[in-house]
Amino acid sequence: MIDTATLRLWWMRFLYVAICLMVMFFDLLPLNSQPDRISGPDLITAVTFAWAIRRPEYVPGLLVGFVALLADFVLQRPPGLWAALLVVMTESLKRQDRSQREPLFSVEWLTIAVSVIVMLVIYQIVRLVFIIEPAGWTLITTQAVMTIAVYPVVVLLSHFLFGVRRGNPRDSDKLSHAR
């Protein structure tokens, strides 16, 4: 019989994929026929970072890579570029979070802000190097600012709606057997 820790682990992984698919669906909806002057937040990145910092076992690297690669294809971005950046930064945040158990939210938010900005700058530089037309700096800047601004809301919703809370050492012991 499946124990509750294993069931919860797989349920939360399924929920992560479902949330990301829902975000992709709403990104594809034609709500406006005019081109965007400003960009909305990258909710997939915000959700991934929030869940990776709080419960790293819910968002393994392979799953993040799959979801981000699917988003690259669906949202017509260069395939694999944003996915690779998201996987590398997520794994970096997971390792960084292990060193400090309960950081202040302001420090976490600053870390996320720096991570998002670094990812977007690397994204633009790689696009320039490979002679792919880079997105306008206004769109990239507004996307970074909006993603950083929406991060606390994503954390609150993840906490209260989905129960994604920081784990304690006992939880990681239970889930290490469930993987």
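For clarity, every value in this text was computed on a predicted model and none was experimentally measured. Each chain has its residues counted from 1, following the order in which its sequence is written. Since the coordinates come from a predicted model, pLDDT governs what is reported: local features require at least 70, and pairs of side-chain atoms require 80 or more to be given and counted, while whole-chain, interface and lining totals use all residues. For side-chain calculations, the full set of non-hydrogen atoms in the structure is used, while hydrogens and water are omitted.

## A closer look at the environment of Leu110
Then comes step 1: Among the structural elements, Leu110 can be located in helix H5 (residues 105-129).
Then comes step 2: Along the sequence, Leu110 and Ile148 sit 38 residues apart, while their C-alpha atoms lie 8.8 Å from each other. Going along the chain from the N terminus, every DSSP run of H or I of four or more residues is numbered as a helix, and every run of E of two or more is numbered as a strand.

## Notes on the layout of surface pockets
Then comes step 1: Cavities and pockets are found on a 1 Å grid laid over the protein atoms alone: a cavity is a set of points where a 1.4 Å probe fits but cannot escape, a pocket is an open set with protein on both sides within 12 Å along at least five of seven lines, and a lining residue has an atom within 4 Å of such a point. Grid points are joined across faces, edges and corners, and a volume is the space filled by probe spheres set on the points. If you add up the space inside the second largest pocket, you get close to 320 Å³.
Then comes step 2: What lines the second largest pocket is a set of 16 residues, and nearest its centre among them are Ile19, Met22, Val23, Leu43 and Val47.
Then comes step 3: Secondary structure elements with two or more residues in the lining of the second largest pocket: helix H1 (4-28), helix H2 (43-54) and helix H6 (137-162).
Then comes step 4: By residue number, the principal contributor to the lining of the second largest pocket is H6, which donates seven residues.
Then comes step 5: When grouped by side-chain class, the residues that make up the lining of the second largest pocket number 14 nonpolar, one polar and one charged. Each residue is assigned to one of three groups, with Ala, Val, Leu, Ile, Met, Phe, Trp, Tyr, Cys and Pro labelled nonpolar, Asp, Glu, Lys and Arg labelled charged, and all others, Gly among them, labelled polar.

## Quick word on the nonpolar core
Then comes step 1: Nine residue types can take part in a nonpolar core, namely buried Ala, Val, Leu, Ile, Met, Phe, Trp, Tyr and Cys, and a core is a set of them joined through side-chain atoms within 4.5 Å. Remark: exposure states derive from per-residue accessible area (1.4 Å probe, protein chains only) relative to the maximum for the residue type, with buried under 20%, exposed over 50%, and partly exposed in between. Ranked by internal contacts, the top residues of the largest apolar core, which has 45 residues, are Tyr16, Ile44, Phe49, Trp51 and Tyr151.
Then comes step 2: Of all the secondary structure elements, the ones that give two or more residues to this core are H1, H2, helix H3 (61-74), helix H4 (81-99), H5 and H6.
Then comes step 3: The greatest single-element share of this core, amounting to nine residues, is contributed by H1.
Then comes step 4: The contact partners of Tyr151, leaving out residues within four places of it in the chain, are Ala46, Phe49, Ala50, Ile53, Arg54, Phe105, Glu108, Trp109 and Ile112. What makes two residues a contact is simply this: any of their non-hydrogen atoms within 4.5 Å.

Worth remembering: the numbers are spatial, not functional.
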